[in-house]
Structure formats: C-alpha cells, structure tokens
Amino acid sequence: MADLYVDGKWREPVSGGRRDIRCPADGTLAATVSEGTRPDTEAAIAAARRAFDEGSWPGTPERERGALLLRAADIIERDAKEFARAESLDTGKRLVESEYDIADVVSCFRHYGGIGGTDAGRVIDTGRDDAVSRVVYEPIGVCGLITPWNYPLLQASWKVAPALLAGNTVVLKPSELTPSTSILLMRALQEAGLPAGAANLVLGAGPEAGAPLAESPAVDMVSFTGGLDTGRRLMATAAATVKKVALELGGKNPNVVFADADFETAVDFALTAVFLHSGQVCSAGARLIVEDSLHDAFVEEVVRRARRIRLGGPFDPQAETGALISAQHREKVEAYVATGLAEGAVLRCGGGRPADRALAAGHFYLPTVLDECRQDMRVVHEESFGPVLTVERFRDEDDAVRIANDTEFGLAGAVWTQDAGKAQRVARRLRHGTVWINDYHPYVPQAEWGGFGHSGVGRELGRTGLDEYREPKHIWQNIQPRPQRWFSG
C-alpha cells in the first residue's frame, strides 16, 4: 500500500523503498511502510507551495478551517481504537497510555477547531481621527513539521492543528520508527475534506526525508520536536534561508520535594513523573531533589515501589510500563547509568535488563534509581530519556531553587509542599516553561507548552502555539487623505 501522501494522492516513493516497523516490546512486525527519500520530500514541498500560493486553503475563512478540524477530531475519535493500537505497536507503550494520548489528540483538534474565527485581530488607537489602524494575522506559508517517536500522533497534532487553522499548508515528517498513526491522521484529514496539497506526508529517515524541510527556500517555517543535537543542526541549516524555526528539545526536569509535602502523594507522583512510558517523555521528572531531612525515608519508599513496577508489552493488562524504543536507545541508557556509577552515584535499584525470559525479545530496562548524585555529575545534567531517576539533596528553599535551576534545559518542573506561599515563591523562581505544584505531567491544549534555555525556541499549544504559525500584519488606512505639502514643487 502506498503510504506517502502528496498533493491529495497516496503514492509510492520514487525509490520504491520500504521499511519494516517492529514492536519494541517483542520484535514482532507491526507494519511495513513506504520509505521516502529527498525527491519525495521535494515533491511534497512543491505540492504544499502550490497549494499555498494558488490553492483555496489560505483564503478559506478561518471559521471554516476550524470546522474541518472539528470534523477531523470526530473521525479520530470514531477510530480511536485503531489509532491507539497502531500507536502502541509502533512505540511499545501500554495500550491504556495510547488511549489517553488519542483522547488528547482529539482535544487538541477540538480546541483549535473551536477557536477558529474568534480572533479578528486588534484595532490600534492612533490618536488621530483621520486614520484607522489594525493588526491582523496571516498564515506564514509552507510549514515543515518534524515529529518524534515517543508521542507520535500527539506531537503531530500539536503542530498540524494550529498550522492548518492558521491557513498554512504543511509537510509532516514523522519519526521513521513510528509512522503508523501519522498515516491514519492523513486519512482522517482527507476524509474531513482537506483540499489537495494542504497537508502532505513523507516518511523516511531524517537525513533523507527530513533535511530538505530545513534546507528548502520554498519552506517558510519548520517546527521540530526531538533531541538537542538534531535541533541545533536544523536551526543552523534553516538560518541559510532565514525561515522561522520552532524547537522543542527536551529537558532534564527537577521534581522538588520539601519535607512538609504529603508523603504518600509525593512518592506516588515521583514514580509517575519518571517511569511513565519508561521515562521516554521530554518532561519526565528525572531529577528528584529532596529536602535533607526527608531524603532517607522518601528515597527508600521510592526504591521499594520502583522495584515492584511490572514491565510488559502493550496488551499485557498487568504491565505498568513498557519497553524502550530500540536496542540502540537501550544501549544509550545503559551507558548513561554506567557513567553515573563511575561518577560516584549509588545504585539503589535497577541498573540492568530484566531477568524475565518473557521479556527477552523486547528492549526492556529496569526502573533505576541513582542516589547521592551531585551537581557536577553528567547524569544530573544530561537527559537519559529512559527509566532512570537521579536523586539530589537540598537544605532550604534557596538551595532548592539554585539546584533546580542549575541546568541548561528549562522545560518543566514541579514543587511539592503544603505551604501555599512557599509553593508560589518557588514556582515563580524556577526557570522552566511549565511548573506543577503538587502534581506532575498534566497539561491542557489551551495553555502554552515549551521551555527556557536549551529546551527550545517558541511554544506549542495555547494562543501562542497558534501564533507560531501566523504572521502579524499592520494595516494603516488614512480615511481623510489630503496633500501634506512637505515639498514646495
């Protein structure tokens, strides 16, 4: 079956390439999909360019564009079981997690569909009675959207929905490891009535299928979610054509627990913060920063419970977390843990592959806790993107803030305390794009998502997430034009 979607048609790649997608939990074949290369992406860019310059989509009233997103949301919700199963097979995550993800995708499309036509721009007070001044918003143009493997459809929805609502045309390039739900998304948009060329899909490896999106002068904006090193290269490449860039590059996120926190709840969330989806979450609370007086009891309980977390495949009803995405990624996590131990961290649990033979065919790694970590350790500052928790201590409020902010990233963080004033003070001082108080992980599509520092550039979701895909234009109208007589002639 042809899996590339270009100019409103499903097509095979120019090279005829195919890629097997295997479930990380057991290595079984999940799908076989088209493998595109540079000529396929160039064709998709050309289709998106024509659709923007000559097609109907940019000029379609925003309310109608929003209505199409709402129809797409209904289709995704109708086929939620198919979407969730495909997501779990590609990623290895538990089916229940994928079901939550698909529900969030529907919410994202409904949010942006629902606000379509509600923003008419703004009128500027010129201080004059002979002029009218307005700021309006227009689409940027052709947008290249590059998405990661950990939340394939969710991250795609965060980009596709606002980009289309704004009137742009798009080329979506998902991770080559997890393409299945992006294919289903294009079928949903096609069924919803999106015009040919407004959304295009290319599959394949980043250097071949993704790089042209950053390089091409026909692309006006590129949005990327993924690793820091790739984000840097993409940003440098995009600079040559001075295109707009939005980057979400992950984080090393602090979870700060004060001694007065509700013990049971804070322990429970500390586990969820880092071990959900085996830590393959950009906002994972992988840095546990605990007040000295609470440290021993708190870490002991976290370790006790971490040892009991049950690993398993997507459809195992007893599983509490799943596999890592690939053998190569597991090797990176293993090297990360080895580095921490060499630096002097104390291994409290995990630190290896499970002994259960039933899991041998998958890329599983035990939930791991590295205690007595220091700020000079690489494992404290580098992202493992795996089920690895590092533990640091702090003395007081100022010390907690200093340690939590000692990172080149700044995506998310949390503070746990029953002192409302202290919670607000610490939340304001943390240099992170999202700060949770006595909670971890929730978000809503109405609120912006993104980070400070090396966590990226720009924001997704919320009104600002829509503005990433719009250009403001100032229109000035003189309603009583007459000669000014600056020059005598």
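Residues numbered from 1 in each chain as written. Predicted model: local features only at pLDDT ≥ 70, side-chain atom pairs only at ≥ 80, totals over all residues. Heavy atoms only, no water.

1. Focus on empty space enclosed by the protein
Now for step 1: Across all of its chains, the model carries 3 cavities of 30 Å³ or more by this definition.
Now for step 2: Reported here for the largest cavity is a volume of approximately 60 Å³.
Now for step 3: In terms of lining residues, the largest cavity is bounded by Gly251, Lys252, Asn253, Gly279, Val281, Cys282, Ala284, Ala286, Glu383, Ser384, Phe385 and Gly386.
Now for step 4: Among the residues making up the lining of the largest cavity, the classes are represented as 5 nonpolar, 5 polar and 2 charged.
Now for step 5: Here the second largest cavity is characterised by a volume of approximately 40 Å³.
Now for step 6: Surrounding the second largest cavity, Lys159, Ser223, Phe224, Ala246, Leu247, Glu248, Trp449, Gly450, Val457, Gly458, Arg459 and Glu460 form its lining.
Now for step 7: Among the secondary structure elements, those contributing two or more residues to the lining of the second largest cavity are strand E10 (221-225) and strand E11 (244-248). (1 Å grid on protein atoms, 1.4 Å probe; cavity = no way out; pocket = protein on both sides within 12 Å on 5 of 7 lines; lining within 4 Å. Points joined across faces, edges and corners; volume = space filled by probe spheres on them. Nonpolar A, V, L, I, M, F, W, Y, C, P; charged D, E, K, R; others polar. Helix = DSSP H or I, 4+ residues; strand = E, 2+ residues; numbered from the N terminus.)

2. A few points about unusual backbone geometry
Now for step 1: A positive phi angle, near 50 degrees, is found at valine 242, a position not held by glycine.
Now for step 2: Looking at the secondary structure, you find valine 242 in the loop between helix H8 (228-239) and E11.
Now for step 3: With a relative accessible area of 71%, valine 242 lands in the exposed category. (Buried < 20%, exposed > 50% of the residue type's maximum accessible area, 1.4 Å probe, protein only.)

3. As for the sheet that holds strand E6 (residues 131-139)
Now for step 1: The antiparallel open sheet is built from 3 strands, whose spatial order is E5-E6-E20. The sheet terminates laterally at strand E5 (122-124) and strand E20 (470-478), the two strands that pair on one side only. Put simply, the sheet's adjacent strands are angled 30 degrees from each other on average, direction ignored.
Now for step 2: In this structure, E6 lies alongside E20, joined through 9 bridges in antiparallel fashion. By the bridge assignment, valine 135 is partnered in E20 with histidine 474. (Pairing = 2+ DSSP bridges. Axes fitted to C-alpha atoms, helices over the stretch in contact; angles between N-to-C directions.)

4. Considering helix H4 (residues 95-114)
Now for step 1: The terminal C-alpha atoms of H4, which comprises 20 residues, lie 28 Å apart, in line with the 28 Å expected from a rise of 1.5 Å per residue.
Now for step 2: Residues Glu97, Ser98, Asp101, Ile102, Val105, Val106, Cys108, Phe109, His111, Tyr112 and Gly113 constitute the buried set of H4.
Now for step 3: Packing partners of the buried residues in H4 comprise helix H2 (62-78), helix H3 (80-91), helix H5 (152-165), helix H6 (180-192) and helix H15 (462-467). (Expected span 1.5 Å × (residues − 1). Contact = heavy atoms within 4.5 Å.)

5. Considering the layout of surface pockets
Now for step 1: As a volume, the largest pocket reaches approximately 1,600 Å³.
Now for step 2: In terms of lining, the largest pocket is formed by 49 residues, of which the most central are Gly226, Gly227, Leu228, Thr230 and Lys332.
Now for step 3: Listing elements by their share of the lining of the largest pocket, those giving two or more residues are helix H7 (206-215), E10, H8, helix H11 (327-342) and helix H12 (378-381).
Now for step 4: Ranked by residues supplied to the lining of the largest pocket, first place goes to H8 with 7 residues.

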